[in-house]
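Coordinate inspection notes
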Amino acid sequence: MTARIAVVGGGPAGLMAAERLLAQGLEVDIYDAMPSLGRKFLMAGKSGLNLTHGEPLAAFLGRFGDAGEALDPSLRSFDAPAVRGWADELGIETFVGSSGRVFPVNFKAAPLLRAWLHRLRGAGARIHVRHKWTGWSGDGGLCFETPVGAVQHGSDATVLALGGGSWPRLGSDGAWMPVLAKAGARIVALKPSNCGFDIDWSDHFSARFAGQPVKSVVLSFGDTHVEGEFVATGSGIEGSAVYTLSAALRDAISSAGAAMLTLDLAPDRSAARLEAELAKPRGKKSMATHLRRVTGLTGVKAGLLREVTDARTFADPRMLALQIKSLPLRLTATRPIEEAISSAGGVALDAIDANYMLIARPGVFCAGEMLDWEAPTGGYLLSACFATGRAAGDGAARWLALDRA
Ligand SMILES: Cc1cc2nc3c(=O)[nH]c(=O)nc-3n(C[C@H](O)[C@H](O)[C@H](O)COP(=O)(O)OP(=O)(O)OC[C@H]3O[C@@H](n4cnc5c(N)ncnc54)[C@H](O)[C@@H]3O)c2cc1C
């Protein structure tokens, strides 16, 4: 009899696992708590659907920090060219942007998801929405809450791809954590990743500048410098350059209570040049006009400078130049996980074997963001979800073949 596999979680990781299982002739049921699949994937499409990154593999693997070694085989076997080839087979043309990021040419997720689900259904996948997995029954059946009450389904193997903890309204709420901890798997608490931060702005600053982009700056924390842009929010900062530093900032706040981020507001000018320009006589011009004329700093950049600079520094061209090149911003907290792009934490990588199978629960495989890894934005998140989903699907098929041989 053909083995029957349950894939629980219909995001990119679960769908990729299902695809591999179906390709090996297995029967696949996909269960998801939500009324439709891939909601976070569709949300990722709202910002352009950055599918992967075209940089050399060594740099790519380096984005995963300590988890890079464990994820290496799966990321290597489904690298950026493979992701692009896969999208192409689904009729979705992609391109590599100037930053190396890879997007569909139409920047949309819906056509890709539609084509993918169509192909999965065609290959025999049975899709069960509004099925929230709650754990195992005494005889090992999968328990679900559904609109018609509690139901149970059996399976010969199970792939869990339940996502992390960000944006829970899209389906991934981390409710699986106590279930897997009880099953004996080591679980690391979920933390926001690629998240914004709180800063104690003055009422004046937040009323005047909330929502404004701060472009062409360099953000520094420790030895890491990131050139790019971010957004000043009513409660602090968010956006791509901030996300790149967010893991280190989050960990610093958690151990020291706050983190000091510095901003170079004028990366194309040296401190010496700024000092010389600021020292020019300003005559009857206001300080704001003088600053704009000699440094080009206006709007939110000038607002940031004023927000954290005292009068004595403003009056001294040398000190002001140094302040423009290294403006300190004190971050007091991460924004809540509900607002983060992704999460860190989840099933510890030492709780799974090379097939992505839970050591504590043979026959149960895990993939995607529910595993304890994190990476910056840039296509790395989806890439790792695809790659680990693929590896878990292959792992489950391999395990079944051995188990049933
Ligand atoms: C606003 C936003 C933009 C993003 N943009 C990008 C981007 O451009 N590039 C990129 O690489 N990444 C991006 N990401 C991150 C990326 O979308 C996620 O990393 C990815 O979707 C995670 O895939 P996953 O399959 O592991 O989990 P998910 O996509 O979260 O899917 C998990 C599925 O499991 C289901 N589920 C959860 N618990 C249960 C349960 N108990 N029972 C049954 N079903 C359950 C959920 O309903 C969900 O459908 C973005 C994220 C956000 C929030």
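Model, not experiment: these values are computed from the prediction.

The next subject is the sheet that holds strand E17 (residues 327–334). One closed barrel accounts for six strands, arranged E12-E15-E14-E13-E16-E17; its pairing is antiparallel. Strand-to-strand, the axes of this sheet are offset by a mean angle of 50°, without reference to chain direction. Pairing between strand E13 (residues 212–221) and strand E16 (residues 259–264): three bridges, direction antiparallel. For leucine 219, the partnering residue across the bridge sits in E16 and is leucine 263.

You can read the domains of the protein chain as domain 1 (4–192 + 344–403) and domain 2 (197–334). In this structure, domain 1 and domain 2 have C-alpha centres spaced 39 Å apart. Opposite the six residues of domain 1 that make contact, domain 2 presents six residues. In this assembly, domain 1 packs against domain 2 so that about 460 Å² is buried in total across both faces, 51% of it on carbon and sulfur atoms. In terms of surface lost to domain 2, no three residues of domain 1 exceed Pro192, Glu374 and Thr377, which account for 64% of the buried area on that side. Our count for the contact surface shared by domain 1 and domain 2 stands at one salt bridge. Note that arginine 250 and glutamate 374 form a salt bridge whose closest N and O atoms lie 2.7 Å from each other. Across the contact surface, domain 1 and domain 2 share two residue pairs in polar contact (both at pLDDT 80 or more). A class-by-class count of the residues in the side of domain 1 that touches domain 2 yields three nonpolar, one polar and two charged.

In this section: the packing of helix H4 (residues 68–77) against helix H15 (residues 380–403). In the contact formed by H4 and H15, the axes pass within 8 Å of each other and the chain directions differ by 95°. On the basis of their axis angle, the class for H4 and H15 is roughly perpendicular. Contacts between H4 and H15 involve Leu71, Ser74, Leu75 and Ser77 from the first element and Ser383, Ala384, Ala387, Thr388, Arg390 and Ala391 from the second. Taken together, the residues that form the contact of H4 with H15 break down as five nonpolar, four polar and one charged.

Calculation notes
- Residues numbered from 1 in each chain as written.
- Predicted model: local features only at pLDDT ≥ 70, side-chain atom pairs only at ≥ 80, totals over all residues.
- Heavy atoms only, no water.
- Pairing = 2+ DSSP bridges.
- Helix = DSSP H or I, 4+ residues; strand = E, 2+ residues; numbered from the N terminus.
- Axes fitted to C-alpha atoms, helices over the stretch in contact; angles between N-to-C directions.
- Domains from an automatic or database assignment.
- Contact = heavy atoms within 4.5 Å.
- Buried area = accessible area lost by both parts, 1.4 Å probe.
- Salt bridge = Lys/Arg side-chain N within 4 Å of Asp/Glu carboxyl O.
- Polar contact = N/O pair within 3.5 Å; in protein donor to acceptor, adjacent residues only side chain to side chain.
- Nonpolar A, V, L, I, M, F, W, Y, C, P; charged D, E, K, R; others polar.
- Parallel < 35°, antiparallel > 145°, perpendicular 65-115°, else oblique.

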